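What follows is the residue order along each chain.
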Amino acid sequence: MKTQRVRLIAGYIVLLLLLVILAAVNICAGSADISVSRLRSALAEPESDKVAYNIITQLRLPRTAAAAILGGALAVSGFLLQNFFANPIAGPYILGISSGAKLTVALLMVLSLSQGFAVSSLGMIGAAFVGAMMSMGIVLMISGRVKRMSVLIVCGVMIGYICSSVTELVVNFSDDSNIVNLHNWSMGSFSGIVKGEALTAAAVVFPACIAAFLLSKPMNAYQLGESYAVNSGVRIKAFRALLILLSSILSACVTAFAGPVSFVGVAVPHITKSVFGTAKPVRILPACFLGGAVFCLLCDLITRTLFAPTELSISTVTAVFGAPVVVYMLLHRERGRANV
Amino acid sequence: MLKRILLSAAACILLAGCSAKGTAVSKTETPENSLNLEYAKQFTAEYVDNGCTLVTIGEDRYMVVPEGKTAPSDYSDAVVIQQPLECVYNAASSAMDLIDGAGALDRVSMTSTKYEDWCLSSVREAMDSGDISYIGKYSTPDYEALLEMDCGLAIESTMIYHSPEVREQIEALGIPVLVERSSYEKDPLGRMEWIKLYGILFGCEEQAEQLFDEKTKLLGDILTDEKNGKTAAFFYINSSGGVVVRKPSDYVPEMMRMAGGEYIFSNSDLGTDDNALSTMTIQPETFYEKAWDADVLIYNSDIAGSVESISELMEKYPLLSDFTAVKNGDVWCTEKNMFQQTTGAADMIAELHLIFTGEADNKMNFMYRLE
């Protein structure tokens with residue numbers, strides 16, 4: 001018990017330290033050549049070096065904040081889904097939820113570009129949420145009928161394919177310029193996120209994460225089985241609906257602002273649970289958020305600096321780090337089954 | 001002393017020899033039996049036996065054979081293009097204006113660009129009247145339509161290199177495929193000079209050369225005028241927030257330089273080389289760092305769509321408010337015809353010149369000022 005507590009405290013300290021360090025590095029490093037001394041003097045006297053000041057405050061700061069907030073949101077979304085399905089591989093990307101969000105955002109983008117109207121951030125979140133809920137509805141319907149996790153995952157992948165094919169259908173009848181825009185967006189990026197968007201993301205993500213944290217107790221009971229949760233007084237239907245709603249809001253928010261970001265929702269909760277040695281929501285949920293934030297800050301730093309001044313898509317980097325974790329989990333489960 | 005004089009004399013003779021050799025080489029570069037090309041580097045045309053013309057584009061060789069003649073046997077590797085050309089399929093949108101300029105638009109029957117994507121009125125009219133039909137994207141053309149229309153030639157852009165199977169399939173149907181590489185020309189006038197190739201293909205060389213000469217004359221003193229030192233950026237913001245700019249060696253920056261201005265980015269800024277053409281996406285902060293002080297900003301509406309005002313642009317990129325060009329009201333947006341109206345390269349340079357000299361109207365043919 002004592003060891004567990006020490007592990008927990010140490011884990012949180014490390015995560016917080018990493019968050020601070022990576023946030024600082026993200027603000028200091030970039031394609032523009034701004035040394036630490038220049039950064040310091042620009043922040044102290046903005047008028048003396050307005051270029052550096054604006055790059056730091058209007059480009060790097062909102063982007064760093066968005067990467068941390070949205071990364072945390074994705075990890076929490078994945079954690080909620082894993083609890084819901086009692087499946088460590090469940091995540092918004094793998095279950096096709098991100099693809100659903102991508103489809104509706106794509107439809108909205110093509111429509112807005114062809115009709116010549118602009119879509120607000122809230123409009124994008126709304127469209128992404130509708131798409132996410134549609135995919136989630138289908139996954140829920142399937143999950144009620146199948147018991148095997150692998151079937152559910154395959155169904156999720158299939159939903160992803162269906163959404164992608166409908167997106168392709170839309171693309172088929174779109175102008176070339178729409179296709180280019182859609183292609184750019186679908187690669188995922190934290191680039192171009194302005195202060196207002198970072199604040200909107202925070203206004204959506206933080207209340208959703210707090211609500212998820214408040215569900216820790218019933219979530220804990222649910223982890224021990226549905227009948228145990230019912231006996232503990234959990235109103236299962238309302239609880240499940242809330243869990244799905246929160247998870248969809250979080251993943252929809254990420255898709256709306258950064259496009260589809262892969263593997264964070266699966267890999268981060270798993271790594272966090274392994275490091276902390278517990279799956280108790282009350283202990284692990286904030287850690288998942290911090291872990292997601294740290295993971296996305298690191299990946300975003302790589303996307304911005306590896307081939308500067310060009311930039312990689314965020315999913316390219318998250319997949320490189322995240323996909324091996326999923327493979328490891330699948331192998332680990334197989335080995336576990338073989339030992340039984 | 002004598003040794004020095006002798007050495008100097010030897011050096012002078014050597015230098016004179018080299019320069020004479022250089023002149024001789026440049027003279028033999030355009031043999032008498034070849035088409036005279038002033039700017040284009042991506043194709044050559046050599047007049048051979050039987051009134052035929054051997055066109056070389058990159059690695060590809062084409063033998064343009066006049067009506068009633070046969071191709072000389074010495075060039076068996078060349079693809080035979082038999083005149084008169086009728087029912088041509090054009091999948092290279094930038095070539096359409098050149099074909100039109102050469103007076104051969106009526107020979108084109110099929111295109112891979114949809115009606116709504118054309119900004120050339122002559123092409124739209126031809127599509128309205130049913131003379132030109134859309135037969136699918138370049139990567140998935142309607143092969144049956146190509147056969148049914150008895151297509152005489154398929155003109156493809158370099159995009160076909162990404163779908164080699166399409167080229168193979170068209171060739172398998174017995175239709176010669178010409179891959180036009182005008183987009184590889186660094187010199188904007190080189191792109192325009194491809195009109196001469198279409199003149200040869202369609203048998204209207206005179207009209208093509210006449211139009212080319214008229215257009216280049218338009219530039220008059222612009223090319224020899226002293227640079228006024230004004231700097232300009234050419235960009236758009238993509239849907240994921242990146243800034244898409246032209247690589248410094250591309251033809252658009254070259255047009256700016258020809259018009260007397262300076263492109264804001266150098267190859268070292270973007271990590272590119274002299275051979276890098278077209279566009280690249282850079283991070284918003286790189287763009288801000290280099291372009292905030294540019295005298296002129298030109299927004300490329302081709303992909304991202306046109307904008308009406310600077311405030312509309314600032315919604316996509318709020319930092320623009322700090323840019324010198326925005327403060328001075330020197331922000332321009334391109335019209336849709338900028339990339340399709342290939343014969344307008346000289347007019348475009350002239351418009352850029354007006355922008356750099358501060359004599360431009362708010363609304364021009366290829367660009368308009370953002371309020």
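Here the structure is a predicted model, which is why all the values come from computation and not from measurement.

**Details of the overall build of chain A**
For step 1, the next point in the chain: Secondary structure assignment for chain A yields 14 helices and zero strands.
For step 2, the next point in the chain: The burial tally for chain A puts 49% of its 340 residues in the buried class.
For step 3, the next point in the chain: Restricting the contact set of chain A to residue pairs at least 6 apart, pairs at least 24 apart contribute 78%.

**Quick look at the overall build of chain B**
For step 1, the next point in the chain: For chain B, the helix and strand inventory stands at 15 helices and 16 strands.
For step 2, the next point in the chain: The dimensions of chain B, computed from C-alpha atoms along their principal axes, are 80 × 65 × 35 Å.
For step 3, the next point in the chain: Expressed as a percentage of its 371 residues, the buried residues of chain B come to 46%.
For step 4, the next point in the chain: Considering only contacts within chain B whose residues lie at least 6 apart along the sequence, 63% involve residues at least 24 apart.

**Quick word on unusual backbone geometry**
For step 1, the next point in the chain: Put simply, A:Ala308 and A:Pro309 share a cis peptide bond, and its omega is 10°.
For step 2, the next point in the chain: Inspection of the secondary structure assignment puts A:Pro309 in the loop between helix H13 (281-305) and helix H14 (314-339).
For step 3, the next point in the chain: Here the amide bond leading from B:Gln83 into B:Pro84 is cis, since omega sits at 0°, within 30 degrees of zero.
For step 4, the next point in the chain: For B:Pro84, the position within the fold is in the loop between strand S4 (79-82) and strand S5 (88-90).

**Structural notes on the sheet that holds S4(B)**
Residues and elements named next belong to chain B.
For step 1, the next point in the chain: The strand order S1-S2-S3-S4 describes an open sheet built from four strands, whose pairing is mixed. Each edge of the open sheet carries a strand with a single partner, namely strand S1 (43-47) and S4. Taking each pair of neighbouring strands and ignoring which way they run, the sheet shows an average axis angle of 25°.
For step 2, the next point in the chain: As paired strands, S1 and strand S2 (residues 53-57) are joined by five bridges and run antiparallel to one another. The partner of Thr44 across the bridge, within S2, is Thr56.

**As for the nonpolar core**
For step 1, the next point in the chain: Among the nonpolar cores identified, the biggest contains 118 residues, and B:Tyr198, B:Ala233 and B:Leu297 are the most heavily contacted of them.
For step 2, the next point in the chain: The biggest single contributor to this core is helix H15 (residues 345-357) of chain B, with eight residues.
For step 3, the next point in the chain: In this structure, B:Tyr198 is in contact with B:Leu98, B:Ile99, B:Ala102, B:Ala104 and B:Ala208, ignoring residues within four places of it in sequence.
For step 4, the next point in the chain: Membership of the second largest hydrophobic core comes to 91 residues, among which are A:Ala65, A:Ile69, A:Phe84 and A:Val194.

**Focus: the interface of chain B and chain A**
How large an interface is tends to be reported as the accessible area lost when its parts come together.
For step 1, the next point in the chain: Counting residues at the interface gives 25 residues for chain B and 30 residues for chain A.
For step 2, the next point in the chain: For the side of chain B that touches chain A, the secondary structure elements donating two or more residues are strand S13 (279-282), helix H11 (284-291) and helix H12 (301-304) of chain B.
For step 3, the next point in the chain: Here the residues of the side of chain B that touches chain A are counted per class, giving ten nonpolar, ten polar and five charged.

**Some words on the sheet that holds strand S7 (residues 133-134) of chain B**
Residues and elements named next belong to chain B.
For step 1, the next point in the chain: Taken together, the five strands give an open sheet; going across it, the order is S7-S6-S5-S8-S9, and neighbouring strands pair in parallel fashion. Taken across any chain shown, the strands that pair with only one partner, and hence form the sheet edges, are S7 and strand S9 (177-179).
For step 2, the next point in the chain: One ladder, built from three bridges, connects strand S8 (residues 154-156) with S9; its direction is parallel. Paired with Ala154 across the bridge in S9 is Val177.

**Observations regarding the packing of helix H3 (residues 50-85) of chain A against helix H11 (residues 236-258) of chain A**
Residue and element names in this part refer to chain A.
For step 1, the next point in the chain: Packing of H3 against H11 leaves a shortest axis separation of 9 Å and a crossing angle of 150°. At the point where H3 passes H11, the crossing takes the left-handed sense. Counting all contacts with H3, which are made through Ala66, Leu70, Ala73, Leu74, Val76, Ser77, Leu80, Leu81, Asn83 and Phe84, the residues of H11 involved are Arg240, Leu243, Ile244, Leu246, Ser247, Leu250, Ser251, Cys253, Val254, Phe257 and Ala258.
For step 2, the next point in the chain: A class-by-class count of the residues in the contact of H3 with H11 yields 16 nonpolar, four polar and one charged.

**A word on the pairing of S2(B)**
Residue and element names in this part refer to chain B.
For step 1, the next point in the chain: Pairing geometry for S2 and strand S3 (residues 60-65), over five bridges, is antiparallel. Looking across to S3, one finds that Ile57 is bridged to Asp60.
For step 2, the next point in the chain: Linking S2 back to S3 in an antiparallel pair, the connection comprises two residues, with Gly58 at a positive phi of about 60°.

**What to know about the environment of B:Lys41**
All names here are of chain B.
For step 1, the next point in the chain: Along the chain, Lys41 turns up in the loop between helix H1 (2-29) and S1.
For step 2, the next point in the chain: Looking at Lys41, the number of C-beta atoms within 10 Å reads 13, which means it is partly exposed.
For step 3, the next point in the chain: Separated by 207 residues in sequence, Lys41 and Pro248 have C-alpha atoms that sit 18 Å apart.
For step 4, the next point in the chain: Apart from the residues within four sequence positions on either side, Lys41 is in contact with Glu185 and Gly190.

**Some thoughts on H11(A)**
For step 1, the next point in the chain: Helix length check: H11(A) (23 residues) gives 33 Å between terminal C-alpha atoms against 33 Å at 1.5 Å per residue, within 8%.
For step 2, the next point in the chain: Directly beyond the C-terminal end of H11(A), a positive phi value near 80° is found at A:Gly259.

**A word on the environment of A:Pro62**
Residue and element names in this part refer to chain A.
For step 1, the next point in the chain: For Pro62, the position within the fold is in helix H3.
For step 2, the next point in the chain: Looking at Pro62, the number of C-beta atoms within 10 Å reads 21, which means it is buried.
For step 3, the next point in the chain: Residues contacting Pro62, with those up to four places away along its chain left out, are Ile193, Val194, Lys195 and Ala198.

**Description of the packing of helix H8 (residues 195-214) of chain A against H11(A)**
Residues and elements named next belong to chain A.
For step 1, the next point in the chain: Interhelical geometry of H8 versus H11 gives an angle of 165° and a closest axis separation of 9 Å. When the axis of H8 is compared with that of H11, the two are roughly antiparallel. Viewed along their axes, H8 and H11 form a crossing whose handedness is left-handed. Residues Glu197, Ala201, Val204, Val205, Ala208, Ala211 and Ala212 of H8 form the contact with H11, whose own contacting residues are Leu246, Ile249, Leu250, Cys253 and Phe257.
For step 2, the next point in the chain: Split into classes, the residues belonging to the contact of H8 with H11 amount to eleven nonpolar, no polar and one charged.

**Digging into the confidence of the model for chain A**
For step 1, the next point in the chain: Residues of chain A with pLDDT of at least 70 account for 90%, and the chain-wide mean is 84.
For step 2, the next point in the chain: Within chain A, helix H7 (residues 176-186) of chain A has the poorest average pLDDT of any element, 67, and H13(A) the best, 94.

**What to know about the confidence of the model for chain B**
All names here are of chain B.
For step 1, the next point in the chain: When pLDDT is averaged across chain B, the result is 86; 91% of the residues are at 70 or more.
For step 2, the next point in the chain: Of all secondary-structure elements in chain B, the lowest mean pLDDT belongs to H1, at 43, while S5 reaches the highest, 97.
For step 3, the next point in the chain: Here the predicted complex carries an ipTM of 0.71, next to a pTM of 0.75.

**Side note on the environment of A:Gly292**
All names here are of chain A.
For step 1, the next point in the chain: Tracing the backbone shows Gly292 in helix H13.
For step 2, the next point in the chain: Separated by 222 residues in sequence, Gly292 and Leu70 have C-alpha atoms that sit 8.1 Å apart.
For step 3, the next point in the chain: Those residues in contact with Gly292 that sit more than four places away from it in its chain are Gly71, Gly72, Leu74, Ala75, Val76, Val264 and Val268.

Each value, and the rule that gives it
Residues numbered from 1 in each chain as written. Chains lettered and ligands numbered in written order. Predicted model: local features only at pLDDT ≥ 70, side-chain atom pairs only at ≥ 80, totals over all residues. Helix = DSSP H or I, 4+ residues; strand = E, 2+ residues; numbered from the N terminus. Buried ≥ 20, exposed ≤ 12 C-beta atoms within 10 Å, placed from the backbone. Contact = placed C-beta atoms within 7 Å. Pairing = 2+ DSSP bridges. Axes fitted to C-alpha atoms, helices over the stretch in contact; angles between N-to-C directions. Core = buried A, V, L, I, M, F, W, Y, C linked by C-beta atoms within 7 Å. Nonpolar A, V, L, I, M, F, W, Y, C, P; charged D, E, K, R; others polar. Left-handed = near helix turned anticlockwise from the far one by under 90°. Expected span 1.5 Å × (residues − 1). Parallel < 35°, antiparallel > 145°, perpendicular 65-115°, else oblique. pLDDT = per-residue confidence, 0-100.

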